[in-house]
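# Observations on chain architecture
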Amino acid sequence: MRTWQLTVELHTESGLPLFLQIARAIVGDIRRGRLRPGEALPGSRTLARMVGVHRNTVLASYSELVAEGWVRTEIGGGTFVSSELPIRAATAATTLRTPPRALAATTPGFDLAAPIPYDRLPNYPPGMLLLAKGWPDVRLLPTVELARAYRRALVRDGHRLLTYGDSRGYPRLRAALAAMLSTARGISTSADGIMVTRGSQMALDLVARALVSPGDLVVCESLGHPAAWSAFRLAGARLAAIPVDTGGMSIDALAELAGRERIRAVLVTPHHQFPTTTVMPAARRHRLLELARHHRFAIIEDDYDHEFHYDGRPVLPIASGDSAGLVVYVGTLSKILAPGLRAGFAVAPPPVIDRMTSLRVAADLQGDLATEAAITGLFETGELGRHVRRMRGIYLARRDALVEQLRRHLGGAIECEVPSGGMALWARVSAGIEVDQWAGAGLTAGVAFRSGRLYDFADQPQPFTRLGFTYHNEEELGEAVRRMARALDALSRRSGNLVAAVSR
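Residues numbered from 1 in each chain as written. Predicted model: local features only at pLDDT ≥ 70, side-chain atom pairs only at ≥ 80, totals over all residues. Heavy atoms only, no water.

### Description of the overall build of the chain
Each helix and strand in the chain was counted, giving 15 helices and 16 strands. A buried classification covers 53% of the 504 residues belonging to the chain. Taking all contacts inside the chain whose residues are at least 6 apart in sequence as the whole, residues at least 24 apart take part in 71%. Carbon and sulfur atoms form 53% of the exposed surface of the chain, whose accessible area is close to 22600 Å². (Helix = DSSP H or I, 4+ residues; strand = E, 2+ residues; numbered from the N terminus. Buried < 20%, exposed > 50% of the residue type's maximum accessible area, 1.4 Å probe, protein only. Contact = heavy atoms within 4.5 Å. Areas by Shrake-Rupley, 256 points an atom, 1.4 Å probe, with all protein chains shown as cover.)

Structure representation (C-alpha cells):
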C-alpha cells in the first residue's frame, strides 16, 4: 500500500455530517484521477488519525462509498477503489479514443443572448383535438405489461437500477436494440456502438456536439425539422438547407454544394421525410452514401418512425449499407410506446459513442435505468413486438379514416397523396386559403394543426399543412376535420371572400 495523505477541510458548522464530507473528498480524488481503480485506501484507523476524527466516522464514510459503488472492501484485505466506477467520466481522460473533432474553447458563432427558435409544444386547453403532431396514442400503451416489467426489474435488480450505472444506457437494453437493428433494419452493430438517450432529440444534441465545431457547415433539409436545426445551431454549426422533392433531399443540389464547400455533416430523414413523409428511393440513398465517402462528410440519419410503414416493404436505412463508419443513426422508442418514457438511441462508431458519453455526463450522468430495464423486459418477453404490430394495424386504419374525412368535408380545400407510412399526412392547401390564418381559426374552433411555414428553413409561407392521425381514434379524427371545416367557414365570413366554397 502506498502512502496516501487525504487533504480535506472539515467544517463542523456546515451542517453536513463529517462522514459525508470525508466521502465526498475521496470521490473528488477518484474523479480527478488521484486515486485509480484498484488502488488501496488507508485503513480506517490510519485515516481517522490523518483527519482527526473517530474511527467510526471513517467506517461510516467507507460504508457510504461502498453503497454508492466507489469502493469495495475485502475481508481482511482492506478497502480499494472499485474497478467499475459509477460513472464512466471518472476514467474518461485515460480511456477515450481520439474524438472526431476537438471541442473549441470559443463560443459558438451566434449571439447567446438571442433566443434560438425551436419546435415549441404549446399547452393546449382541455378538449382541443390535436392534429398538430404525429404523436402516439398513449391510451393504447400496454400499461399493465409495462407495470409488470417495472416490478420484475426492480425486484430482480433494483439495487443496481436505482444507483449509478453506465452512462451509455442499460447494457441489456443496448444489447436488445443491437439485435433488433440487425434483424429488422439490417444495421450491423453491437451494444458498444449504441447509446440510449432521453428521446431522439437528446441523441441529436449529443451527436451535434460530438461531431461539430463552431463554423462547420451542416446540411439539412428544407422542408425539415426545426428542433433538429436548433440542436446543430447550438453546437455552432452553419446550416445550409437543400430542397426536398418527391424523393426526399435533392442529391444533385447536395453534390453541387459539396463541390464548392467543405461539408461536415448532412442531416437527413430518408425513411419518411420530415415533414413531407416521402420515402427516399434506394438509388438516391446509395448516391448519398457515395457522396459521403467521396467528400468525407458524416450522414446523420434520423429514422424517427421506422416501425410504421403500411404499404409495401420499408426501405432499409442508409446505415445498413455503411461500411466506412460515416453514418450516425438516430432512432426512438418514444413513438412506439409513449413520449413521456423518453427512450431514444443513437448508433455510431465506438469513438463517437465515447465522445457522446463524455459530453453527456457533463449535464446528465445517466438515463432512467429502471425505465430502461422495464423496456428491456418488454423486448425480452416479446410484448414490444406485439404492441408494434397492434399499433401498425390501428394507425393504418386511422390514416385511411383521416384521408376519407378530409375528402368528405374539405375535398375542395385540401389534397394529399396517401403516404405509404409514417404518423401524419402532408396536405396541400388550395390557392386562396391563408394556411396560417386557418390554423389560427382552428384553435378557436377546438382543433390544432400546423402551417407548412413552420417547417420552411427560410420561414416563408408554404401552402401545406401536416396532419397527425395517430393520436386520436377514428371518431375523434372525424370531429377534428369537421372543426377544421367550421374554422374555414368562419375565416371566410370574417374576410368576406369565398374560401369556404372550396370545402364543398
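### Some points on the sheet that holds strand E13 (residues 424-429)
Strands sit in the order E12-E13-E16-E15 across an open sheet of four strands; the sheet is antiparallel. For this open sheet the edge positions go to strand E12 (414-415) and strand E15 (450-451), each flanked by a neighbour on one side alone. Examined bridge by bridge, E13 and strand E16 (residues 464-468) share five bridges and lie antiparallel to one another. The partner of Trp-426 across the bridge, within E16, is Arg-466. Packing of helix H13 (residues 383-410) onto the sheet brings it into contact with E12, E13 and E16, and relative to E13 it is tilted by some 20 degrees. (Pairing = 2+ DSSP bridges. Axes fitted to C-alpha atoms, helices over the stretch in contact; angles between N-to-C directions.)

### Let's talk about the environment of Asp-245
Note on placement: Asp-245 falls in strand E6 (residues 238-245). Those residues within four positions of Asp-245 in sequence are excluded, and the remaining contacts are Thr-278 and Arg-284. Among the polar contacts made by the side chain of Asp-245, one reaches the main-chain amide nitrogen of Gly-247 at a distance of 2.8 Å. Polar contacts involving the side chain of Asp-245 include one to the side chain of Arg-284, which spans 2.9 Å. (Polar contact = N/O pair within 3.5 Å; in protein donor to acceptor, adjacent residues only side chain to side chain.)

### Points about the packing of helix H6 (residues 171-185) against helix H12 (residues 369-381)
Interaxial distance between H6 and H12 falls to 9 Å at its minimum, and their mutual angle equals 40 degrees. As judged from the angle between their axes, H6 and H12 are oblique. The handedness of the crossing between H6 and H12 comes out as left-handed. Contacts from Arg-172, Leu-173, Ala-176, Leu-177 and Met-180 of H6 reach H12 at Glu-372, Ile-375, Thr-376, Phe-379 and Glu-380. (Parallel < 35°, antiparallel > 145°, perpendicular 65-115°, else oblique. Left-handed = near helix turned anticlockwise from the far one by under 90°.)

### Overview of the sheet that holds strand E5 (residues 217-222)
Taken in spatial order, the eight strands make up an open sheet running E4-E11-E10-E9-E8-E5-E6-E7, and their pairing is mixed. Looking at strand neighbours, the two that pair on one side only are strand E4 (194-197) and strand E7 (248-249), the edges of this open sheet. Pairing of strand E9 (residues 298-302) with strand E10 (residues 327-332), which is carried by four bridges, proceeds in the parallel orientation. By the bridge assignment for E10, Ile-300 is matched with Val-328. Most of the contacts of helix H7 (residues 200-211) go to E10, to which it runs at about 160 degrees, and overall it touches E4, strand E8 (265-268), E9, E10 and strand E11 (344-347).

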